[in-house]
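This is what each chain is made of:
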Amino acid sequence: MDIPDFRDRFRKPTGIVIGLVCQFVFLPVAGFLSIRLFYANDPVHGIPLLVTVCSPGGSYSNWWCSLFNSDLPLSMAMTSASSLFAVATLPINVLIYLKLSYPSEESAVSLDWGGLFTSLAVVVVGIIWGLFLGSKKPRWRGKLNVAGNASGVALVLLGFFFSSNSSAPIWARTSDFYFGIAMPCVFGLLLSLAFSKLCGLPKPHCLSVTIETCYQNTAIPLAVILSSFSNDDTALCESLGRTPRQEWRDRIANGEDASQLPPPCDVIGIAAGVPTFYQVAQIVSLGFICLVGWKSGWTYAPPGHGFYRVLTRNYQPGAADPEPDRIRHEEHEGEGLSGCSCCFPRGGGVLEEEGTTGSNGRDIDDRQNPSGAGVDSINLDAVQLAEVTVEDRK
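Rules and cut-offs
- Residues numbered from 1 in each chain as written.
- Predicted model: local features only at pLDDT ≥ 70, side-chain atom pairs only at ≥ 80, totals over all residues.
- Heavy atoms only, no water.
- Helix = DSSP H or I, 4+ residues; strand = E, 2+ residues; numbered from the N terminus.
- Buried < 20%, exposed > 50% of the residue type's maximum accessible area, 1.4 Å probe, protein only.
- Axes fitted to C-alpha atoms, helices over the stretch in contact; angles between N-to-C directions.
- Left-handed = near helix turned anticlockwise from the far one by under 90°.
- Contact = heavy atoms within 4.5 Å.
- Nonpolar A, V, L, I, M, F, W, Y, C, P; charged D, E, K, R; others polar.
- pLDDT = per-residue confidence, 0-100.
- Phe/Tyr/Trp six-rings, centres within 6.5 Å; stacked < 30°, edge-to-face > 60°.
- Lys NZ or Arg CZ within 6 Å of the ring centre and 35° of its normal.

A count of helical and extended segments in the protein gives 15 helices and 0 strands. Residue burial in the protein is summarised as follows: out of 394 residues, 45% are buried.

Put into structure tokens, the structure is as follows:
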């Protein structure tokens, strides 16, 4: 992806605005509904899910867009914008929905806001630093991508480590756990896809908005869990029907029978399963929607191309060596956007901006004659025809 394409998404921010609405309005609402439905009396699962759906997009969303050839510049622009906006929207959403989700248990967990903002700062600094290095040192982009991918894999493995070493690994949970975590992801996916298409975005842009909306940065909820949750928290342990770990050790040391006591509390391991399984849910759901999108013509890659070719070739419009037979969705960009006829023509082609210099050296007028051809293009065709006629006579 070229930096000019990335900047162009900010100059025409329609897709970014639609994506931010989906990510910071629709997805938190979906998470709140899931909490009330499945975890109304279970803050150990509900609070991590709330922080997950209120977090900004994860960097692996760019990998998904690149792999399946949806609009990569929009994906990267949305990741950057959502990370910056999350500095304000994440704490606001968490405060609002935490109060609505657990009105009588607001003091059960004292969130470590310092740890939360530290995680956000790391994400924002990483994005800004990566964009700066990528623009100044283009040869480093490959290495930066490898480092980012390695960090993403390490994050997934960290979540699996905490969850698999807990008393309730993610493969041994109840059905409420699986449905409750997956529901916001699937609901956000379908709603963002429908909303972006209804707003008139081109199909590859719609798919990028969908990916960005669903793929969350799970490092932030993991950081909140590690900094805010404790295996000795009496309120949280009681919500799980377990004994605080230190109390359990003390009672065993005093000679009490361990079989007569509730099991020792494992709040951190159980809570870590929430962002970990959300990772699984978003990988499965996005893999499915990307495959369907490709086969349905919602990406730049033609549906008839082989699967391996699609995954290994670059069909992005701004690629240095773009595929000649990629789908040119930009020719229909803006269809369905009421009130935007000044920016997007309804005749099928993209109009150049007023003041752009044409091939005949004059400014191209954005008005067209009734036949659909520009006046300058008619004059140019006449000149070319005259030249051909003169050459034939010679």
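With the exception of glycine, the majority of residues adopt a negative phi angle, and the majority of peptide bonds are in the trans configuration. One non-glycine residue with positive phi stands out, namely Asn-69, at about 65°. Note on placement: Asn-69 falls in the loop between helix H4 (60–68) and helix H5 (72–101). A relative accessible area of 0% means that Asn-69 is categorised as buried.

Here we take up the packing of helix H3 (residues 43–54) against H5. The description of two helices packed together rests on the angle between their axes and the distance between the axes. Two elements in contact, H3 and H5, have axes whose closest approach is 9 Å; the angle formed by their N-to-C orientations is 145°. You can see that H3 and H5 cross each other, and the crossing is right-handed. Of the residues in H5, those in contact with Ile-47, Leu-50, Val-51 and Cys-54 of H3 are Leu-90, Asn-93, Val-94, Tyr-97 and Leu-98. A breakdown of the residues in the contact of H3 with H5 according to their chemical character gives 8 nonpolar, 1 polar and no charged.

What follows deals with the confidence of the model for the protein. For the protein, per-residue confidence averages 75 on the pLDDT scale, and 65% of positions sit at 70 or higher. In the predicted structure, residues 331–394 sits below a pLDDT of 50 and forms 50 contacts with residues beyond four places in sequence or in another chain.

With that settled, consider the packing of aromatic side chains. Overall, the coordinates contain 10 aromatic pairs when judged by the stated rule. When the ring of Tyr-60 is compared with that of Trp-63, the centres are 5.9 Å apart and the planes differ by 80°; the resulting orientation is edge-to-face. In this pair, Tyr-60 and Trp-63 are both assigned in helix H4, 3 residues apart and thus about one turn of the helix distant. Tyr-60 sits in the buried class, given a relative accessible area of 16%. Classification of Trp-63 by relative accessible area gives partly exposed; the value is 37%. The interplanar angle of 80° and the centroid separation of 5.5 Å between the aromatic rings of Trp-63 and Trp-64 together place this pair among those described as edge-to-face. Given a relative accessible area of 8%, Trp-64 falls into the buried group. A network of ring pairs unites the aromatic residues Tyr-60, Trp-63, Trp-64 and Phe-68 as a single cluster. Against the face of Trp-294 rests Lys-295, its NZ or CZ located 4.3 Å from the ring centre.

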